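Observations on the model geometry
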Amino acid sequence: MTTTKSSLQPATLGQMTRMGLRYLSGRKLRTVLTTLAIVFGVALIFAINLTLPTMMSLFNSSLSVYGGADIAIASATGASFTPEEILSRVTAVEGVSAASGVLRRQFTLPSVGNELGSANSVELIGLDPTGIQTVRQFAISEGRFLQPDDSGAVVMPAGIAELAPALGLGTRFPLISSTGIRFYTIVGFTAEQGNLAVPPLYMALSDVQAAFNQPGLVNQIEISVQPGADRTAVTDAILAELGSGYVNAAGLDNSDLVATVQIGLTVMNLFGVLALFLGAFLIFNTFRTIVIERRRDLAMLRAIGATRRQVTTMILIESLLQGIIGTLIGLVFGYGLAALLFSVLGNAFRTYFPSTHFELSLNFGAVAMAVVLGLLASLLAGYFPARSAGKTSPLDAMRPAAVNINRATRSSLIIGGILIGVSIVMLLAGTKTAVGGAVLFLFGMIVAAPGLVIPMARLFSPLLTLWFAREGDLARGNLQRQPGRAAITASTLMIGLAVLILMAAVVSAFGILLERLSDVNFSSDVIITPPSIGVYTNVLGADESLMQRLEALPEVETAASLRYALSSVNGTSVNVLGIDPERYTQVASLAFSQGDAETAFAALTSGRGAIMTGIGASTLNLQLGDEVVLQTANGEQTYTIVGIGNDIMSFKINAVFISQANLAADFNKREDVLLMLNYVPDTDEEAALAAVNAVLADYPQFTAHPTGQYRAELINTTSAAFGMFYSIAVLILIPAALGLLNTLTINILERTREIGIVRAVGGSRKQVRRIVTSEALLLGIFGSALGVLAGVAMSYGFIGAFSTIGWDVPYIFPAAGVVAAIIVGVLLALFASVLPARSAAKLDIIRALQYE
Amino acid sequence: MTILRAEALTKMYGSASQPIYAVRDLNITIAEGEFVAIMGPSGSGKSTALYVMGGLDQPTSGHVWLRDQDLTTLPDDALSRVRRESIGFVFQFFNLIPVLTAAENVAMPMILNGMPRKEALERAHTSLKQVDLADRATHRPSELSGGQQQRAAIARALASQPAIILADEPTGNLDSRSSDEVVQILRNTVDQYKQTLVLVTHDPRVAAHADRIVFIKDGRIVDENNLKGAGSAEQIREQLSRVALSEG
């Protein structure tokens, strides 16, 4: 006969594929269950990657995009500066033709009293009407451009008609400013569509300076280059001239926001990968079973001359086939899921980003990522079983099975035990190693699980015999026969339940943290908030006039405010919050983890003192007494850390509290973005609130809340947001449930003949059902026990890690989470057993006995 | 001409201090076109001897030559190739792949060898005709009777025109009528195609068809009988019980 060197000819591969398909279709139920695991993981990853990039691009498009001038320069922190000296230095640079100072800023509009139609935010761009036209040209489609003596005149893009059709030449409309409501008149329209997510309003520089209470300041320099000059080279020359305090404004976007969305994308993808990982677990389990089940077939193939590689390839092809099918279905489901997300989120997005295209579009990257991960997971899961299939001896075709499990389980116990030991040391060693310890603990449990099956089954089966006196022992024996499979099933359940406990612990720890922070932080009578708190980038606050007017009210005893600027430390952006220590301490305080209130607040006013938030201190690796160099509008300034403390609104951000005097001196900022008031004792609070609201009528960007009420609302919405964490745990529990279902089904398929014998010797259908149910229960209890251990360790590690980011939360044993996990684990097992138990009970005795 | 030769073949289990010999210092020569039956009581080592001679198992010591190739020195891949190309196996449990049709099962060794599917299936059909199973070519094993399955397995062994066929209790799992059919087919392949055949059995009626019977006890050859295909089952049964009762 013909002989060939290669053992993997096309004909051979073709035949293997054919066999793989037939084997898969021969066990339809099992194939479906195993494939579902891949489908789930792929769908999740695909949906996430279809949805989030589209949203990211929406965010990006909503951010100010610079257009017009050849070059734009801004201060590194985005802070305003006096333009004269910078302008003269810039125009002296070779290749620069002209330069003009611009003050531009986008802010969120209040939801009431907005006459700009459906615009949610706007960008005010203050221009020197003469100077700017030496830098760039404006094409006017209607009316005129700004003139030097304009006051209250606005030019806006013609495209705004889409948002606010009522606007026309001569329209006079109100707009919030930091000095109260101001009125503007439309004098012209530019022939541009404009970024309708944040429409630009062009005004005279002096008008914008007045609106932001920044007289004489600009925050960008627009520059045109001489004809023939190299723009990049000129930009570099300008930046070299100005030093590190200035950057190319074209590179400035709202990178914080983009980074946040990107982190979200990564985190969601991690969960997709985790789900896929659990899916791979299931495939691994199934294929291991397949290899054991087909031992005779494989050995026979070896006996008639198949090489090890051919046998390995055959199993790999089969897992790949399953991966391909699962991935394809997963893509379809993922697209559906994304479409669903879009339709749910679409309405919300359309109100925020009107007239932006919001369509689900297939992108190659998302498809590629889902396909690669899906196939990789199935191949990887098939690899080890395939390799062990290749090791099948041809003699196995002739002799009965003798599986030596003791050695394998013992070594898994030893290795797992060592890992767990190391992880416990790491958990107890301190907060820095705690998270690593928690993850290692979980890993150690997975490794040790096969060795724990027999002792655990022995430990829990007496419990089981309470309900299943006769069937319990049989169930235990069945589990012990396949410790590897039982271990993997229990491990998937363990991961799901551990995540559940962790989430419960984290949510309750956050609750405690919020309570503590709000206790020290919300001691005022009234809190006056802008449209968004915590992140003030797009907030247009108020100048001193608001506070003065509020303090002038007879009902008000003390007023204090928060001011805001953006800075950076070694390239990491930092929010700078300005407080007046004397006033602030009368209405609120901070929760200190290093230093104490009295000395820290006093130190803010002597020189440059700073109180850092916990996250800030851990991100920048700073301690009490350290010095930190902040990038300011006037170059770098050194501040001393006089305390580490949090308030409820900024505990989750990288922020630093400094005195308002320093904020004004170093950042040119005098704008209040948040105010707190204390009433005179025994004031009629309702009347007082009415008086406050009357003042706020001129500042519609602000809303006044009685602090107690606001605190309750904030805690409610925050806990609701943290409740989202639970949905993550649910996502992880789905593959765990699939795993249980899968294992129980496989166990029954494998024992079809035995079940036939049980029935033949007189076992009732009910008894068969009870055997399966008790087996499921034992698995569920086993998985829950592992999950509780892992969950407690993980929550201990992660909450310990809270303190490293400056959140002081005591570790509280997650009792509720543990109880929930046990209940969920056992219920899940019972639920998963319903179908397999029924199908086992329904088996036809004769056919079961003939089953191969 | 000698096809297969085993020399001082030993297969030992257990530890060196407490050895258990399945095969002990066995020497045998199989000539081309010869039909040899190996008989012996349970546990005598007859199947182990067959597996070692067929390259399914490695001996503890000794050599097996297939024509001029020493199987005991070959690496696994080369040994697989020898099994694929030069040896045909028939087992007690018919060992067909359940998801493949009879023809596909027969074609499997050739397909494993890289032969195009169509050609391999054609050859398989020829082989199936030889065992009188052509009309069942597209049936799966579960749709065939025990005797038919064993005939398909024999067709598989024949299809690659191996140098030798090794059969381990091929009738052990069959009723007497199917058993007769199978033995008759095996005898025919020897007579018509000069096929060399070594068969392990404990059934004297099967062994009676062989040219020569080798009796094994405790891993050693203890007796031989040259029947030239004309022995009586009664006579063989007597000889077998004598071997079983003799002191090892």
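What comes next concerns the included structure. The structure presented is a predicted model; accordingly, all values stated were derived computationally and were not measured. (Residues numbered from 1 in each chain as written. Chains lettered and ligands numbered in written order. Predicted model: local features only at pLDDT ≥ 70, side-chain atom pairs only at ≥ 80, totals over all residues. Heavy atoms only, no water.)

1. A short note on the overall build of chain A
The number of helices and strands found in chain A is 25 helices and 20 strands. For chain A, contacts bridging at least 24 residues in sequence account for 83% of all contacts bridging at least 6. Of the roughly 34300 Å² that chain A leaves accessible, carbon and sulfur atoms contribute 62%. (Helix = DSSP H or I, 4+ residues; strand = E, 2+ residues; numbered from the N terminus. Contact = heavy atoms within 4.5 Å. Areas by Shrake-Rupley, 256 points an atom, 1.4 Å probe, with all protein chains shown as cover.)

2. Overview of the overall build of chain B
Secondary structure summary: chain B contains eight helices and ten strands in total. Relative to its full complement of 248 residues, chain B shows a buried share of 58%. In chain B, 67% of the contacts between residues at least 6 apart in sequence involve partners at least 24 apart. Carbon and sulfur atoms make up 46% of the accessible area of chain B, which totals about 10100 Å². (Buried < 20%, exposed > 50% of the residue type's maximum accessible area, 1.4 Å probe, protein only.)

3. A look at the interface of chain B and chain A
Counting residues at the interface gives 36 residues for chain B and 30 residues for chain A. When chain B packs against chain A, the two sides together hide about 3100 Å² of surface, and 59% of this comes from carbon and sulfur. Of all residues in chain B, Ile97(B), Val99(B) and Leu112(B) give up the largest surface area on contact with chain A, accounting jointly for 18% of the area buried on that side. Where chain B meets chain A, there are three salt bridges. In this structure, the salt-bridge partner of Glu104(B) is Arg22(A), at a minimum N-O distance of 2.5 Å. Counting across the interface, chain B meets chain A through eleven residue pairs in polar contact (both at pLDDT 80 or more). Secondary-structure elements contributing two or more residues to the side of chain B that touches chain A are α2 (76–86), α3 (102–112) and α4 (117–130) of chain B. Broken down by element, the residue count for the side of chain B that touches chain A peaks at seven residues, all from α2(B). (Buried area = accessible area lost by both parts, 1.4 Å probe. Salt bridge = Lys/Arg side-chain N within 4 Å of Asp/Glu carboxyl O. Polar contact = N/O pair within 3.5 Å; in protein donor to acceptor, adjacent residues only side chain to side chain.)

4. Considering the pattern of salt bridges
Taken as a whole and assessed by the stated rule, the structure comprises 27 salt bridges over all chains. Across the salt bridge formed by Asp666(A) and Arg608(A), the nearest N and O atoms sit 2.7 Å from each other. Remark: Arg608(A) occurs in the loop between α17 (597–605) and β15 (609–612) and Asp666(A) occurs in helix α19 (residues 660–667); sequence separation between them is 58 residues. You can call Asp666(A) buried: its relative accessible area is 2%. For Arg608(A), a relative accessible area of 29% puts it in the partly exposed group. Here Asp211(B) makes a salt bridge to Arg187(B), at a shortest N to O gap of 3.0 Å. Taken together, the positions of Asp211(B) in the loop between α7 (204–207) and β9 (212–217) and Arg187(B) in helix α6 (residues 176–193) put the pair 24 residues apart, joining distant regions of the chain. Arg187(B) shares its class with Asp211(B); the two are buried.

5. Topic: the sheet that holds strand β10 (residues 220–226) of chain B
Residue and element names in this part refer to chain B. Pairing is mixed in the open sheet, where six strands are placed in the order β6-β7-β8-β3-β9-β10. Lying at the two open borders of the sheet, with one neighbouring strand each, are β6 (87–90) and β10. The sheet shows a mean angle of 20 degrees between the axes of neighbouring strands, direction not considered. Docked against the sheet, helix α5 (residues 146–159) engages β6 and β7 (164–168), running at close to 170 degrees with respect to β6. (Pairing = 2+ DSSP bridges. Axes fitted to C-alpha atoms, helices over the stretch in contact; angles between N-to-C directions.)

6. Description of the packing of aromatic side chains
Tallied over the entire structure, the rule returns eleven aromatic pairs over all chains. Plain terms: the ring middles of Phe173(A) and Tyr184(A) are 6.2 Å apart, the flat faces sit at 45 degrees to each other, and that makes the pair tilted. Of this pair, Phe173(A) sits in strand β6 (residues 172–175) while Tyr184(A) is found in strand β7 (residues 182–190), placing the two residues eleven residues apart along the sequence. For the pair Phe173(A) and Tyr184(A), a shared accessibility class is recorded, and that class is buried. Cation over ring: Arg24(B) sits above Tyr21(B), and NZ or CZ is 4.0 Å from the ring centre. (Phe/Tyr/Trp six-rings, centres within 6.5 Å; stacked < 30°, edge-to-face > 60°. Lys NZ or Arg CZ within 6 Å of the ring centre and 35° of its normal.)

7. With respect to unusual backbone geometry
A positive phi angle, near 60 degrees, is found at Asp682(A), a position not held by glycine. Relative to the helices and strands, Asp682(A) is located in the loop between β19 (672–679) and α20 (685–696). For Asp132(B), which is not glycine, the phi dihedral falls at a positive 65 degrees. One can find Asp132(B) in the loop between α4 and α5.

8. A short note on the pairing of strand β3 (residues 121–127) of chain A
All names here are of chain A. The buried count for β3 comes to seven of seven residues, which makes it a mostly enclosed element. Pairing geometry for strand β2 (residues 96–108) and β3, over seven bridges, is antiparallel. Its bridge partner being in β3, Val102 is matched across the sheet by Leu127. As judged from the five bridges shared by β3 and strand β8 (residues 200–204), these two strands associate in the parallel manner. Bridging from a neighbouring strand, Gly126 pairs with Met203 of β8.

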